[in-house]
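# Residue-level structural notes
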Number of protein chains: 2
Amino acid sequence: MSSRKDLDYYFYPESLAVIGASTNPYKAGYQIVKNMLDYGFAGKVYPVNPKETEVLGLPCYPTLNDIPGNLDLIVIAVPSPNVKSVMKEAALRGGIKAAIVVAAGFAETKVPELVEQEKEIVAIAHQAGIRVFGPNCVGIQNTRNNLDTTIEPPVVKTQGDISVITQSGAMGGITLLFMEEQPTPLGFAKWAHVGNMSDVDILEILEYYGEDQDTQVVGMYMEGIRDGQRFLDIASKVTKEKPVIILKVGRSEIGSRAAASHTGALAGSDKIYDAAFAKCGVTRVDHIEELVDVAKGFSMQPLPYGNRVCILTEAGGPGIVAVDQLGFAKNAQLACISAEGREKLEACLPSMASICHPDGYIDITAAAMSEHHVDALKIVLDEPEVDSVILITVPPTFLPPVELAQSLLPTLRAAKKPVFVCFLAGKWCDEANTLLEVNGIPTFKMPGQAVRVVDKMIERKKYLDKISQREGSAANA
Amino acid sequence: MSSRKDLDYYFYPESLAVIGASTNPYKAGYQIVKNMLDYGFAGKVYPVNPKETEVLGLPCYPTLNDIPGNLDLIVIAVPSPNVKSVMKEAALRGGIKAAIVVAAGFAETKVPELVEQEKEIVAIAHQAGIRVFGPNCVGIQNTRNNLDTTIEPPVVKTQGDISVITQSGAMGGITLLFMEEQPTPLGFAKWAHVGNMSDVDILEILEYYGEDQDTQVVGMYMEGIRDGQRFLDIASKVTKEKPVIILKVGRSEIGSRAAASHTGALAGSDKIYDAAFAKCGVTRVDHIEELVDVAKGFSMQPLPYGNRVCILTEAGGPGIVAVDQLGFAKNAQLACISAEGREKLEACLPSMASICHPDGYIDITAAAMSEHHVDALKIVLDEPEVDSVILITVPPTFLPPVELAQSLLPTLRAAKKPVFVCFLAGKWCDEANTLLEVNGIPTFKMPGQAVRVVDKMIERKKYLDKISQREGSAANA
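Residues numbered from 1 in each chain as written. Chains lettered and ligands numbered in written order. Predicted model: local features only at pLDDT ≥ 70, side-chain atom pairs only at ≥ 80, totals over all residues. Heavy atoms only, no water.

## Topic: the pairing of strand S8 (residues 139–142) of chain B
On any regular strand, side chains alternate: one points to one face of the sheet, the next to the other face. Residue and element names in this part refer to chain B. Cut-off, in case you're wondering: Criterion used throughout: strands pair if DSSP finds at least two bridges between them. The numbering of helices and of strands both runs from the N terminus, where a helix is a DSSP run of H or I of at least 4 residues and a strand a run of E of at least 2.
Bridge count between S8 and strand S11 (residues 188–193): four bridges; the pairing is antiparallel. If you follow Gln141 over to S11, its bridge partner there is Trp191. Pairing of S8 with strand S9 (residues 147–148) involves two bridges; the strand directions are antiparallel. Residue pairing for S9: Asn142 is matched across the bridge by Leu147. Hairpin connection, S8 to S9: the antiparallel pair is bridged by four residues, and Asn146 has positive phi, about 55°.

Structure, rendered in structure tokens:
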């Protein structure tokens, strides 16, 4: 047990208590116990409340002291004025490793007494060897042991390799909802809302996710950090191993003032964040939807070798939209198709196809059947100066989307280069998009999203190349 | 009949023929007849094909000449090499007012013979008094007489007051799909895909929509126009009466080259378009999703009186996202709440609510119940320096979204100022969002969308104010 890290007691508790557990469905202490039971948490759950004898079928304990044996984690779901006495009780009981404080009404209010109270609670905890998560936080989820300490409305929890850190419970919840609403639910590994960060902060969790075998991609909603150097150190270490995607708000001056009023974090100048993110290889995104798209790209596809993107479309308008967006990309540019490749495309595509106007852009037109899609995809994937492909189609009535997807799948699955797919006809394509994603091929609602994703993946590839060159020359020196 | 405009024969034909009608489901000539029948077109439909005697239960005519009586519109769905002879036949028959040419393979190919052929077809048509739509186009839809000449996959057609003009069939189709996928389907009046614009062009349709009583909002996907002055004249006239929202692609240099290869339209420098749109009061958007959001805003809400937006949120993170976006808005800015208003808010909201940090931003917090939402909304709507409200909530488990929506509805419906609502908890809020939209209150998936919509509505208000001032001073001069 001595090898367990502090955060293991949060994400893998063998037993936990919910203080303030309740039979009243309108109270957090009811909802937390219910979420744990509904989700089927693997460890022991002890409701604690002197006024109840049973909560949702579990025996309820009057105090923490009455709970027998080990107790790794306590979830404190009592009103803010009562948190301090609960923490004292926890310290006296002993053996507790970790606490989550749900209630708001502490340092974030900027009221001096409440700021002070938060400090006192942490001091009491630390003297007893208890780490503190929160206050003002909804807690933790882990899909590997069915842990959910939150009061979030029920969402389907799909296992996956993306882990989330958030400074806003709502934004963290919305992230999971957007992930869930993809054609195939995009699963997650761990999820944590940090609240006021009186003790455990986003950086400690970031470092933990960096070492977590279940996590391959990290997504973060950030309002602000306090220690820039520590951020640079930890983020640089993690991004070497896995992508770290951050939505940092407070970009505009007025937005940064609103962020400061929320969790009390120092928002700081946005340009400083931009520079810091670039320096340590963080992938910065502008919206939650983009965070989810980019996480999907990283999770499902290999990094492209270089920046040359081929846009292969069956529909002119959406193809132009894709090229137009690519023209504003920071890293991606249109690929080059060889003379030989053009000849092959001409030989197999409908006569009205528009091949390489401009170079790297191929409109196979609405006359294209399944075999035209497949042949063209094979040809461009074989091109030496194509590093990735965005494949766009708006299947007409005579080309059922699922049939088209099935025809494309063998080529898509065998591809060594990343391919991003847009089947763009709403519900008419739902089944096809699901089929593609079940088979590991990411799909997007509009081509612009695919362009942003590939652009961010190229940015990461460039960063990793730079790092490995630097390390290579250091080793040779 | 003499008072009918040329385009009336397209949108309100009393009779139409489909040349190339077919019993083969893989042919356009089958799909067009099927769409007309499935949708229940109010006029007469005549299939024409010498090789068929019946198509989908309708008697099929060998030639146009065999069709008795009036014939307003012909939809030419034969392969491109046969279009010219069909047009000759139509000219000889006489009495035909309008033609839609579906096939591609004309001027857009830039092959000199095919460019020439397109001109000849138009010349033949004009000599016989026939207008030409296309070629390379999927045609027209009108929800008022159940007309659908397209081969688009079947979509539910909801009647509404938004009309669409598109230079890409796919982008036009996707627009309808996004409209259909709103919490309450966003209906449309008319829809037209213009193709090569050999005769009827987007400007003639824009002018027609301007005078159309069923159209209150115009949405357009544009790749390029040829006659800048005519655009300015027509757009200025239409925007005085109704909003004209345009997604113009070819913003980047490479995107503009792709656009030129599509419909052969001159894309032109993007800055010129930007200036022209501003001059004639066009609302420019960047994405199809934004076009739909902005059309929804214009269609459902009155214009705000001024640029002062109050952001009222129950969740910190999404509230900050909204304020952050507002910081980058061109026209919108945060509202001012009076000292009296602040006192009223303090008196009725939970103690931890954050009121006016910064001014005009109110976080009622997750402790807020239905009555807190309603009271705060009433107070800010009554404020003299609030012109519009963005209301954000992530209903927790103990606050069922539909109940919250029902509590808010009387205030929302009575509001004289526009309110934009974000219920942000995925499927958990679907029913609430539908309820709000059925009652005419627009909802958005993320607060950033609401900010962009209100910003565009303020832009239009400013434009109209400027126009009326100019006209006022001209009248006084």
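## Quick look at the sheet that holds strand S1 (residues 15–19) of chain B
Consider a sheet: its strands pair through backbone hydrogen bonds, and that pairing is either parallel or antiparallel. All names here are of chain B. Cut-off, in case you're wondering: Lines fitted to C-alpha atoms define the axes, with helix axes restricted to the stretch in contact, and inter-axis angles between N-to-C directions lie between 0 and 180 degrees.
Overall, parallel pairing links the five strands, which are arranged S2-S1-S5-S6-S7 in an open sheet. Only two strands of the sheet have a single neighbouring strand rather than two, namely strand S2 (44–48) and strand S7 (131–133). Across the sheet, the mean angle separating the axes of adjacent strands is 20° when strand polarity is ignored. Of the pairings in the sheet, the one linking strand S6 (residues 98–101) to S7 comprises three bridges and is parallel in character. Each residue of the ladder has a partner; that of Ala98, found in S7, is Arg131.

## Looking at the relation of the copies chain B and chain A
Turning one copy of the chain about an axis and sliding it along that axis gives the other copy, so a rotation and a shift relate them. As a reminder, the rule being used: A least-squares fit on C-alpha atoms brings the copies together, and the residues used are those whose pLDDT is at least 70 in both copies. Whether two residues are in contact is decided by their heavy atoms, any of which lying within 4.5 Å being enough.
Superposing chain B onto chain A requires a rotation of 180° together with a translation of 0.0 Å along the rotation axis, leaving an RMSD of 0.0 Å. Interpreted geometrically, this transformation is the action of a two-fold axis. Scanning chain B for the C-alpha nearest the rotation axis identifies Glu289 of chain B, at a separation of 6.4 Å. Take the interface residues of chain B: 100% of them recur as interface residues in chain A, which is what a same-surface contact looks like.

## Some points on the domain arrangement of chain A
Residues and elements named next belong to chain A. Applicable threshold: Where each domain begins and ends follows an automated or database-derived domain assignment. Summed over both partners, the accessible surface that disappears when two parts come together, traced with a 1.4 Å probe, is what is meant by buried area. We define a salt bridge as a side-chain nitrogen of Lys or Arg found within 4 Å of a carboxyl oxygen belonging to Asp or Glu. Any N or O atom pair separated by 3.5 Å or less is treated as a polar contact, with the protein-specific requirement of one donor-capable and one acceptor-capable atom, and with residues adjacent in sequence counted only for side-chain atom pairs.
Each assigned domain of chain A is listed with its residue range as follows: domain 1 (8–138), domain 2 (159–300) and domain 3 (308–460). Taking only C-alpha atoms into account, the centre of domain 2 sits 30 Å from that of domain 3. Between domain 2 and domain 3 lies a buried interface of about 1,400 Å² when both sides are counted; carbon and sulfur atoms form 57% of it. Its largest share of buried area at the contact with domain 3, domain 2 owes to Pro183, Asp293 and Met300, together 35% of the area lost on that side. Our enumeration of links across domain 2 and domain 3 arrives at one salt bridge. Salt-bridge contacts for Lys296 lead to Glu437; the nearest nitrogen and oxygen are separated by 2.6 Å. Across the contact surface, domain 2 and domain 3 share nine residue pairs in polar contact (both at pLDDT 80 or more). Where the side of domain 2 that touches domain 3 is concerned, the elements lending two or more residues are helix H7 (228–241), strand S14 (283–285) and helix H10 (288–300).

## A closer look at the pattern of salt bridges
Residue and element names in this part refer to chain B. Note the threshold: Only protein chains enter the area calculation, which uses a 1.4 Å probe; residues under 20% of their type maximum are buried, those over 50% are exposed, and those in between are partly exposed.
Under the definition given, this model contains 54 salt bridges over all chains. The closest approach of N and O atoms between Asp6 and Arg131, which form a salt bridge, is 2.8 Å. Highlighted residues: Asp6 in the segment before helix H1 (8–11) and Arg131 in strand S7, separated in sequence by 125 residues. On the accessibility criterion, Asp6 (37% relative accessible area) is partly exposed.

## Observations regarding the confidence of the model for chain A
Let me state the cut-off plainly: The predictor attaches a confidence to each residue, called pLDDT, with possible values from 0 through 100.
With 97% of its residues at a pLDDT of 70 or more, chain A has an overall mean of 94. Overall fold confidence (pTM) sits at 0.94, and the ipTM for the predicted complex is 0.92.

## Section: the sheet that holds strand S1 (residues 15–19) of chain A
Residues and elements named next belong to chain A. Strand order in the open sheet formed by five strands is S2-S1-S5-S6-S7, and the pairing between neighbours is parallel. With partners counted over all chains shown, the strands left at the sheet margins are strand S2 (44–48) and strand S7 (131–133), one partner each. Mean inter-strand twist for the sheet, computed between neighbouring axes without regard to direction, equals 20°. Pairing geometry for S1 and strand S5 (residues 73–76), over four bridges, is parallel.

## Quick look at the packing of helix H13 (residues 370–382) of chain A against helix H14 (residues 401–414) of chain A
Residues and elements named next belong to chain A. Threshold: Just so you know how the angles are binned, under 35 degrees is roughly parallel, over 145 roughly antiparallel, 65 to 115 roughly perpendicular, and the rest oblique. By convention, the crossing between two helices is left-handed when the near helix turns anticlockwise from the far helix through less than a right angle, and right-handed when the turn is clockwise. Each residue gets one of three labels, nonpolar for Ala, Val, Leu, Ile, Met, Phe, Trp, Tyr, Cys and Pro, charged for Asp, Glu, Lys and Arg, and polar for the others, Gly among them.
Close contact between H13 and H14 brings their axes to 9 Å; oriented N to C, the two are set at 20°. Here H13 is positioned roughly parallel relative to H14, judged by the angle of their axes. Seen along the crossing, H13 lies across H14 with a hand that is right-handed. Residues Ser370, His373, Val374, Leu377, Lys378 and Leu381 of H13 lie in contact with H14, whose contacting residues are Glu403, Leu404, Ser407, Leu408, Thr411 and Leu412. For the contact of H13 with H14, the class distribution of residues is six nonpolar, four polar and two charged.

## Overview of helix H13 (residues 370–382) of chain B
Residues and elements named next belong to chain B. This is how the line gets drawn: The span one expects for a helix is its residue count, reduced by one, times 1.5 Å.
For H13, spanning 13 residues, the distance from its first C-alpha to its last is 19 Å, which sits close to the expected 18 Å at 1.5 Å a residue. Three or more residues of H13 are buried, namely Ser370, His372, His373, Val374, Ala376, Leu377, Ile379, Val380 and Leu381. Those residues of H13 that are buried are in contact with strand S15 (308–313), helix H12 (339–348), strand S18 (361–363), strand S19 (388–393), helix H14 (401–414) and strand S20 (419–423).

## Considering the pairing of strand S10 (residues 159–166) of chain A
Residue and element names in this part refer to chain A. Operational definition: The handedness rule is simple: strands pointing away from the viewer, and a clockwise path from the first strand over the helix to the second, make the crossover right-handed.
The element S10 is extensively covered by neighbouring structure, given that six of its eight residues are classed as buried. Alignment of S10 against strand S11 (residues 188–193), held across five bridges, turns out to be parallel. Looking at the pairing, Thr166 lines up with His193 of S11. With helix H5 (residues 169–180) bridging S10 and its parallel neighbour S11, the resulting β-α-β unit is right-handed. Pairing of S10 with strand S12 (residues 217–222) involves five bridges; the strand directions are parallel. When the bridges of S12 are listed, Ile162 appears paired with Val217.

## Some points on the interface of chain B and chain A
Each side of the interface is counted separately: chain B has 63 residues, and chain A has 64 residues. Regarding the contact of chain B and chain A, the summed buried area is about 4,700 Å², with carbon and sulfur atoms giving 72% of it. On inspection of chain B and its partner chain A, the count reaches two salt bridges. Taking the shortest distance from any N to any O, the salt bridge between Lys445 of chain A and Glu181 of chain B comes out at 3.1 Å. Linking chain B to chain A there are eight residue pairs in polar contact (both at pLDDT 80 or more).

## Observations regarding the packing of aromatic side chains
Residue and element names in this part refer to chain A. Put simply, the test is: Note on ring pairs: Phe, Tyr and Trp rings are taken, using the six-membered ring of Trp, and paired if centres are within 6.5 Å. Classes follow the plane angle, with under 30 degrees stacked, over 60 edge-to-face and the rest tilted. Sitting over a ring, as applied to charges here, requires NZ of Lys or CZ of Arg to be within 6 Å of the ring centre and within 35 degrees of the ring normal.
Counting across every chain of the model gives 14 aromatic pairs over all chains. Geometrically, the ring pair formed by Phe11 and Tyr208 is stacked, given 5.3 Å between the ring centres and 15° between the ring planes. With Phe11 in helix H1 (residues 8–11) and Tyr208 in helix H6 (residues 202–211), this pair connects stretches of sequence that are 197 residues apart. Like Phe11, the residue Tyr208 is buried in the burial classification. Every member of this aromatic cluster is reached through a ring pair, and the members are Phe11, Tyr208 and Tyr209. The ring centre of Tyr9 lies 4.3 Å from the NZ or CZ of Arg4, which sits over that ring. If you follow Lys248 out to its NZ or CZ, it ends over the ring of Tyr273, 4.2 Å from the centre.

## Observations concerning unusual backbone geometry
Here His357 of chain A and Pro358 of chain A are connected by a cis peptide whose omega angle stands at 0°. Locating Pro358 of chain A in the fold gives a position in the loop between strand S17 (354–355) and strand S18 (361–363). One non-glycine residue, Leu56 of chain A, lies in the positive phi region at around 50°. Checked against the element boundaries, Leu56 of chain A lands in the loop between strand S3 (54–55) and strand S4 (58–59). With a phi close to 55°, Met197 of chain B is a non-glycine residue in the positive phi region. Structurally, Met197 of chain B can be placed in the loop between S11 and helix H6 (202–211). Its relative accessible area of 7% is what places Met197 of chain B among the buried residues.

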